Amino acid sequence: MDFTFTDDERAFQDAISRFLMTEAAPEALREIWETDAGRSPDLRNKMAEQGLTALSIPEEAGGLGMGDLVWSLMTQELGYYGIPDSLADTAYVSAGLISVLPDSVSDRKGWLEQIAEGGVRVAIGHPVNPLVADAHLADFTLLNHEGEIHAVPRSLIDVEQNPSIDSSRRLCRVMWEPSSATRIADAETGAPIWDEALNRGALSVAGQLLGLAQRMLDLSVDYVAQRKQFGKPIGSFQAVKHHLADVASKIEFAKPVLYRAAYSLQHGNADASLHISQAHVACGEAAHLAARHGIQVHGAMGYTWEVDLQMFMKRTWALESSWGDRAFHKARISAAIFADDAPLGPGQTFGRS
Amino acid sequence: MDFTFTDDERAFQDAISRFLMTEAAPEALREIWETDAGRSPDLRNKMAEQGLTALSIPEEAGGLGMGDLVWSLMTQELGYYGIPDSLADTAYVSAGLISVLPDSVSDRKGWLEQIAEGGVRVAIGHPVNPLVADAHLADFTLLNHEGEIHAVPRSLIDVEQNPSIDSSRRLCRVMWEPSSATRIADAETGAPIWDEALNRGALSVAGQLLGLAQRMLDLSVDYVAQRKQFGKPIGSFQAVKHHLADVASKIEFAKPVLYRAAYSLQHGNADASLHISQAHVACGEAAHLAARHGIQVHGAMGYTWEVDLQMFMKRTWALESSWGDRAFHKARISAAIFADDAPLGPGQTFGRS
Amino acid sequence: MDLNYTPRQQAFREEVRGWLKENLPAEKLASYDTREGFEQHREWERKLFKARLSMVMWPEELGGRGCDLTEWLIFEEEYYAADAPMRVNQNGQLLLGPTLMEFGTEEQKKRFLPRMAASDDMWAQAWSEPNAGSDMAAISSKAIRDGDHYIINGQKTWSTRAIYADWAFGLFRSDADSKRHHGLSFLMVPLDAEGVTIRPIKALNGKDAFAEIFFDNVRVPVENRIGEEGSGWHVAMATAGFERGLLLRSPARFQQPVRKLIELYKANQEAADRDPSIRDAVMDVWSGAESYALSAYQSVGRLARGEKIGAESSINKIIWSELDLKIHETAMRILGATGELLSSAPQSTDDHGWLEGFLFAQAGPIYAGANEIQRNIIAERVLGLPKA
Amino acid sequence: MDLNYTPRQQAFREEVRGWLKENLPAEKLASYDTREGFEQHREWERKLFKARLSMVMWPEELGGRGCDLTEWLIFEEEYYAADAPMRVNQNGQLLLGPTLMEFGTEEQKKRFLPRMAASDDMWAQAWSEPNAGSDMAAISSKAIRDGDHYIINGQKTWSTRAIYADWAFGLFRSDADSKRHHGLSFLMVPLDAEGVTIRPIKALNGKDAFAEIFFDNVRVPVENRIGEEGSGWHVAMATAGFERGLLLRSPARFQQPVRKLIELYKANQEAADRDPSIRDAVMDVWSGAESYALSAYQSVGRLARGEKIGAESSINKIIWSELDLKIHETAMRILGATGELLSSAPQSTDDHGWLEGFLFAQAGPIYAGANEIQRNIIAERVLGLPKA
């Protein structure tokens, strides 16, 4: 029993953080937002060079063979730096889906190798999301047709862009015709794979939300320590202190929830879906509160385009309902904890294998 | 359109307040609690002398002919002073029920006269309450048998006392045999009368809860203004200020809800039940918050038997679920506001006549 | 207590309802945070003014129709129930207007109020400064007397729609050596005056909703001062009271979205009920909006009896701003995954403007004095707790 | 990361579970806030001690069995899952015990810890004073050195169950001229010493749960001092850390009532669902208790890696106290009209003691440092915000 990360894992997280701090400063992000595609090939290439696209690709396909736990650290950094890129959709969710496809899918290994090298973008259209992120520039998109899995190249889809309040989001309605040429798994094979993709997507969002929460807290702490009113830093007022203390508490207690969820998914725990929905809700609530208290302690400055807080607030409001909105995840929690055989009470903390 | 009380009505409330301040100081209440019956005949007599038992008795039966609006002021005072007496059950709820009984009930006028004079105690056993307050010393109890109304003298009931956390409550399980001798209304006649009794009971509780909220706020303000920590009155700390400001806000905005409800009941408004349930919930939430923040700012002192706060907190916790618990009243609100013909939006504030 | 409307009040309600039905713009106006929308809203205001419906409470000679507060509430109810356009000149009509009524000279009233009612003059406030947010007394912009003029230098900020407006009003330090609340004067400044520079501030939603105003030796005649020289704080406090209080946020403004929220909830009930807090929140905001409306009627009655509304207006400010936030938070929860889409997105399911409203609601607990400050005021002035 | 228990840990769990099944009292013990219940609980503690289960983490020579923190969590899980009696000697075992381990001499450890583990000595804390609540440094009780003794004069309050206890520990001012955190010493005082008077304080529930302790020239030998003379504050701060932190409120203490709350909810679902906030609250406290447990396992892992837990323990204190309140609030909502009945009432439907727990939960945000103070600590020491 050891519920901590290894020194290596923590060093990895630090390295990612330092890398993104340099390569994805807020000014750079704002420039990327303004582009048509909304994505920076340069940033994506750099991330690939760092090996980030190869994280969870099996070693035999040229990847690092890491699991959901490492992604729970990685996605926090993606959130913290507000990375305007669906990297996790390609390198985590889609890669995870492709990894478990039957061997009969002849492109499988090639796709994984290309993802590891950073040579492809893969979008994924799970029914829980009404729109598909980044389908406009994905080389191919994984799509669901009555439970089947289809891998549809860019040339066979039409996309209609749907602008979001979060300028870093690129959401597409995807129009396409299913055919046997694009089908890579039938509905029976597809069902558990789609379920796992949903869990992985939700976990990816949870991690990002937690990173966003921490970023908004850090921005707020910096702001209130220097901003003065009534002759004192506003951070010395008890009401401001308590707003931010509450955010810190939410983050502190959402973190182990995220890690348990990642562990459960990685180890095939029977309660993984419950744990992931709990993480989505807990991290969402931490981020939501960080946004609300963040703008409150920023005062009118927080309401401007110029101050960076807005970038992270809007991302929070968008991601909160991504890969399942709060109601979706609460419904999964309800179903699990009110079931007759629910894993309740002391001694059930790590669920059932 | 005038949503204020007259000078006379406000003078009446002031007079009640001064009277109870003198006659029902906390030390006196604590003594009454310790008695077996839990009630003071002396206090009851004085209240009768003040005319409080005659308030809503029709003038032709020797009463003052006042309505629910005046009772919404009166019940606040009963709550504020934590009066350990079911005065409102006799003089308001039961009196209201008796007033609308058919003329064929030969005792009707006599009962009203006796209530007005303070000569009888009447308990009332509405099905919404699992137990009957003060049945142990009521001269007779109004009871429900399959929708019929029965007036059952003390000699024909057995009572089993059920102690409450609120030492001023005297709750009885009532055991009795319905008979034609005790029946005063059949089920068809009884149905609207029981409904109105429930509304009146709920309104009486709402008023008391609001009075309790104000009392707990006043006690807390007094305490934090004199109690010092870290060299300052604790009332000068922002966290303490904000706790009490929130209580003051809740009270301020529950008050007009109570008054609209009383008006609607008095004037037979079609939305009276909705308005009364809203008042029960709003006043309950104000009192609940006043208790929570009250004990918080009192610190450990608030947790003692000795400091008066406990008397009003425990009364709050008891009354919150009396004459319908919060779920009961929320269900009535739901049914009304989600109905197809719900009175929603601007211009519907005072409901439909 | 009498909760029936008089026949006159009912007739007025019918008149307003009928007029709005006849005259409402067929198409939704563009956002008044854009130049185009701003002018569309000015046109609408002129139309209201011509029907003497822009400022119903003002005296007839100033462009109103001398209604009382109850009639004003009725007007507002009908206005919001009809989904009529947002009022673009509120800073003038609701903040400066009442201030002029109370503190202005007869000449000032005649000069400014009818043009304000007609929206011939559009007003911006010049309240905050970069270092004076909720601490309004920290003002450093100066207005130094030079004969029958003041010479203004300094900077104001968070001035709503100032880039489109004609005039601004605000507090300036007329005694250069004074501190805090002392030595301030309340001035009205034409925004086309020489030396005025306006720079837009882009809001959260990407629109130029606010501006900074820079004053570089701007000359303003003394007759543009409201109240005595040096007593601007006193005047401004009254203005702030109007802002927090009843007038700025009439109850209908919340009852109408609650009605729509209930429709939204019912249309999506099955999905929404998976999160039980949604239904609970819908019930709670229904009660909150009702209670806010009831409190308004109560205040109107108290004012009619000659009572004053004092620090309780701070409670109002907290209640409406938190209510507005909760209404829009709940709508966003119901919209779920499509909630983030702009109204221009083809797949948007937001036909009421919930997202825009959600963003705007974020500002409610901040502007007009942050809610933390309002809670201090309640504790100190309503409850009598000691200052820190 | 490895979330599997080792075979040794699993065997320990089985042992504890089996022992409890064999040895649990057949009848619920009386409340330990009564003399009768206090002694019943002391008997139970002796039984636990004999099985070396009273203080599993303590070394064998002090009466424990040298378990690590993970095993302690396992013990707690089994203990609460079995609904075993509340621990009556917690003030000694969980607060003073760790303090002695860290700051006591070898002689003190041998003298006090085994008797504490066996509950031969029952301990009360003598922490607060009438004018020193959350402001612990405002202590005025004096312990003036007289040769190899201290002479104690003063008054302590809120001493839980002191009327039944054998010993008390607390801070006293050993330097009469010192102020605030300076000049304090940490002393252990036998409650049967001459000059000690104990007066019960009746709590909310009518029971003598607390007491005031009066010291009138009470002589205590210097060997009853923990740490250096005058450095009591430093020692006490460590004690306060234990109190707020992990040990006082093990996660199982909340997971077990959550399990019961879910049973209560399911048994009353139709009535409860009329108020949708109830179902939402049940889900929320489930998540809260899980998250508190996960955080505990995380802390245990961090401690095992040699990290320190500092001001984060203030977050713990807020989380468990607010969680406990919400669990019991929700239970009271589900019980509805019968919730107010004492367990002695024939019609009571409260077979878990929800009402008593609800009352006790009210104290959670107050004792061990009010939550307002904890939030200040988080803001200042975790986030680095400036002091007021």
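What you see is a predicted model, and the numbers here were worked out from it, not measured in a lab. (Residues numbered from 1 in each chain as written. Chains lettered and ligands numbered in written order. Predicted model: local features only at pLDDT ≥ 70, side-chain atom pairs only at ≥ 80, totals over all residues. Heavy atoms only, no water.)

Right, let's get into the sheet that holds strand E6 (residues 171-175) of chain B. Residue and element names in this part refer to chain B. Strand order in the open sheet formed by three strands is E2-E6-E5, and the pairing between neighbours is antiparallel. On the outer flanks of this sheet lie strand E2 (132-133) and strand E5 (158-162), each paired with one strand and no other. As judged from the five bridges shared by E5 and E6, these two strands associate in the antiparallel manner. Along E6, the bridge assignment pairs Asn 162 with Leu 171. (Pairing = 2+ DSSP bridges. Helix = DSSP H or I, 4+ residues; strand = E, 2+ residues; numbered from the N terminus.)

Our next topic: the sheet that holds strand E1 (residues 122-125) of chain A. Residue and element names in this part refer to chain A. With mixed pairing, the four strands of this open sheet are ordered in space as E1-E3-E4-E7. In this open sheet, the two edge strands, each paired with only one partner strand, are E1 and strand E7 (183-185). Here the average twist between neighbouring strands, direction ignored, is 30 degrees. Across four bridges, E1 lies against strand E3 (residues 140-145) in parallel orientation. From the neighbouring strand, Gly 125 faces E3, where its bridge partner is Leu 143. (Axes fitted to C-alpha atoms, helices over the stretch in contact; angles between N-to-C directions.)

Right, let's talk about the UniProt feature "domain: Acyl-CoA dehydrogenase/oxidase N-terminal" (unreviewed entry) in chain A for a bit. Under the UniProt annotation, "domain: Acyl-CoA dehydrogenase/oxidase N-terminal" (unreviewed entry) lies at residues 6-85 of chain A. Spanning residues 6-85 of chain A, this segment combines 60% helix with 0% strand, and its end C-alpha atoms are found 28 Å apart. (UniProt positions renumbered as here; feature names shortened; annotations may be inferred.)

This brings us to the packing of aromatic side chains. Overall, the coordinates contain 62 aromatic pairs over all chains when judged by the stated rule. For the ring pair Tyr 79 of chain C and Tyr 80 of chain C, a centre distance of 6.1 Å and an interplane angle of 80 degrees mean the geometry is edge-to-face. Comparing Tyr 79 of chain C with Tyr 80 of chain C, the two get one shared label, buried. The structure contains a cluster of three or more aromatic residues connected by ring pairs, namely Phe 253 of chain A together with Phe 254, Tyr 292, Trp 320, Phe 360 and Tyr 367 of chain D. When the ring centre of Tyr 79 of chain C is taken as origin, the NZ or CZ atom of Arg 87 of chain C, which lies over that ring, is 5.5 Å away. If you follow Lys 317 of chain D out to its NZ or CZ, it ends over the ring of Trp 320 of chain D, 5.8 Å from the centre. (Phe/Tyr/Trp six-rings, centres within 6.5 Å; stacked < 30°, edge-to-face > 60°. Buried < 20%, exposed > 50% of the residue type's maximum accessible area, 1.4 Å probe, protein only. Lys NZ or Arg CZ within 6 Å of the ring centre and 35° of its normal.)

Here the focus is the domain arrangement of chain C. All names here are of chain C. Domain boundaries assigned for chain C yield domain 1 (7-88), domain 2 (123-230) and domain 3 (245-382). On a C-alpha basis, the centres of domain 1 and domain 3 stand 22 Å from each other. Taken over both partners, the interface formed by domain 1 and domain 3 buries close to 1200 Å², and the fraction arising from carbon and sulfur atoms is 68%. Considering only the surface of domain 1 that becomes buried against domain 3, Leu 69, Leu 73 and Tyr 80 emerge as the three largest contributors, covering 45% of it. Across the domain 1-domain 3 interface, the total number found is one salt bridge. Our enumeration of links across domain 1 and domain 3 arrives at six residue pairs in polar contact (both at pLDDT 80 or more). Taken together, the residues that form the side of domain 1 that touches domain 3 break down as eight nonpolar, one polar and four charged. (Domains from an automatic or database assignment. Buried area = accessible area lost by both parts, 1.4 Å probe. Salt bridge = Lys/Arg side-chain N within 4 Å of Asp/Glu carboxyl O. Polar contact = N/O pair within 3.5 Å; in protein donor to acceptor, adjacent residues only side chain to side chain. Nonpolar A, V, L, I, M, F, W, Y, C, P; charged D, E, K, R; others polar.)

Take the interface of chain C and chain B next. Taken together, the contact pairs 52 residues of chain C with 46 residues of chain B. Buried area between chain C and chain B, both sides added, is near 4800 Å², and the carbon and sulfur share of it is 64%. The largest share of the area that chain C buries against chain B comes from Met 1, Leu 3 and Leu 294 of chain C, three residues that together contribute 18% of it. Taken together, the links from chain C to chain B amount to seven salt bridges. Notably, a salt bridge pairs Asp 246 of chain B with Arg 375 of chain C, separated by 2.6 Å at the nearest N-O pair. At the boundary of chain C and chain B, one finds 22 residue pairs in polar contact (both at pLDDT 80 or more). Every element with two or more residues in the side of chain C that touches chain B is listed here: helix H1 (7-23), helix H3 (69-81), helix H7 (252-267), helix H9 (276-304), helix H10 (312-335) and helix H12 (371-382) of chain C. At 17 residues, H9 of chain C tops the list of elements feeding residues into the side of chain C that touches chain B. When the residues that make up the side of chain C that touches chain B are grouped by side-chain class, the tally is 23 nonpolar, 12 polar and 17 charged. (Contact = heavy atoms within 4.5 Å.)

Residues and elements named next belong to chain C. Within the element layout of this structure, Thr 157 appears in the loop between strand E3 (149-156) and strand E4 (167-173). Exposure remark for Thr 157: the relative accessible area of 4% places this residue in the buried category. Once you skip the residues sitting within four places of it in the chain, Thr 157 turns out to touch Ser 128, Glu 129, Pro 130, Ile 201, Ala 211 and Glu 212.

What follows concerns the pairing of E3 of chain A. It is a general feature of regular strands that their side chains alternate between the two faces of the sheet. Residues and elements named next belong to chain A. One ladder, built from six bridges, connects E3 with strand E4 (residues 148-153); its direction is antiparallel. Within E4, the position partnered with His 145 by the bridge is Glu 148. The antiparallel hairpin formed by E3 and E4 contains two residues in its connecting segment, where Glu 146 sits at a positive phi of about 50 degrees.

Once that is clear, we can look at the pattern of salt bridges. Residue and element names in this part refer to chain D. Overall, the coordinates contain 111 salt bridges over all chains when judged by the stated rule. Across the pair Arg 46 and Asp 120 runs a salt bridge whose closest N-O atoms are separated by 3.1 Å. Residue Arg 46 is found in helix H2 (residues 35-50), and its partner Asp 120 is found in the loop between helix H5 (106-117) and strand E1 (123-126); the two are separated by 74 residues along the sequence. Owing to a relative accessible area of 24%, Arg 46 belongs among the partly exposed residues under this scheme. What makes Asp 120 partly exposed here is its relative accessible area of 30%. Asp 83 is the partner of Lys 260 in a salt bridge, and the nearest nitrogen-oxygen pair spans 2.7 Å.

Bringing the pairing of E4 of chain A into the picture now. Residues and elements named next belong to chain A. Along E4, five of the six residues are buried, which leaves the element largely enclosed by surrounding structure. Of the strand pairs in this sheet, E4 and E7 are connected by two bridges, and their pairing is antiparallel. Bridged to Ile 149 within E7 is Ala 185.

With that settled, the discussion passes to the side chain of Asn 269 of chain A. All names here are of chain A. Along the chain, Asn 269 turns up in the loop between helix H8 (238-266) and helix H9 (272-298). By relative accessible area, which is 11% here, Asn 269 ends up buried. Within the structure, Asn 269 has its side chain in polar contact with the backbone nitrogen of Asp 271 (distance 2.7 Å).

Right, let's talk about the interface of chain D and chain A for a bit. Across the contact, 52 residues belong to chain D and 46 residues belong to chain A. Carbon and sulfur atoms make up 65% of the area that chain D and chain A hide from each other, which totals about 4800 Å². Contact with chain A buries surface across chain D, with Met 1, Leu 3 and Trp 286 of chain D losing the most and accounting together for 18% of the total. The interface formed by chain D and chain A includes seven salt bridges. Lys 266 of chain D is the partner of Asp 340 of chain A in a salt bridge, and the nearest nitrogen-oxygen pair spans 3.8 Å. Between the two partners, chain D and chain A, sit 22 residue pairs in polar contact (both at pLDDT 80 or more). Those elements that provide at least two residues to the side of chain D that touches chain A are helix H1 (7-23), helix H3 (69-81), helix H7 (252-267), helix H9 (276-304), helix H10 (312-335) and helix H12 (371-382) of chain D. Looking at the side of chain D that touches chain A residue by residue, the class counts come to 23 nonpolar, 12 polar and 17 charged.

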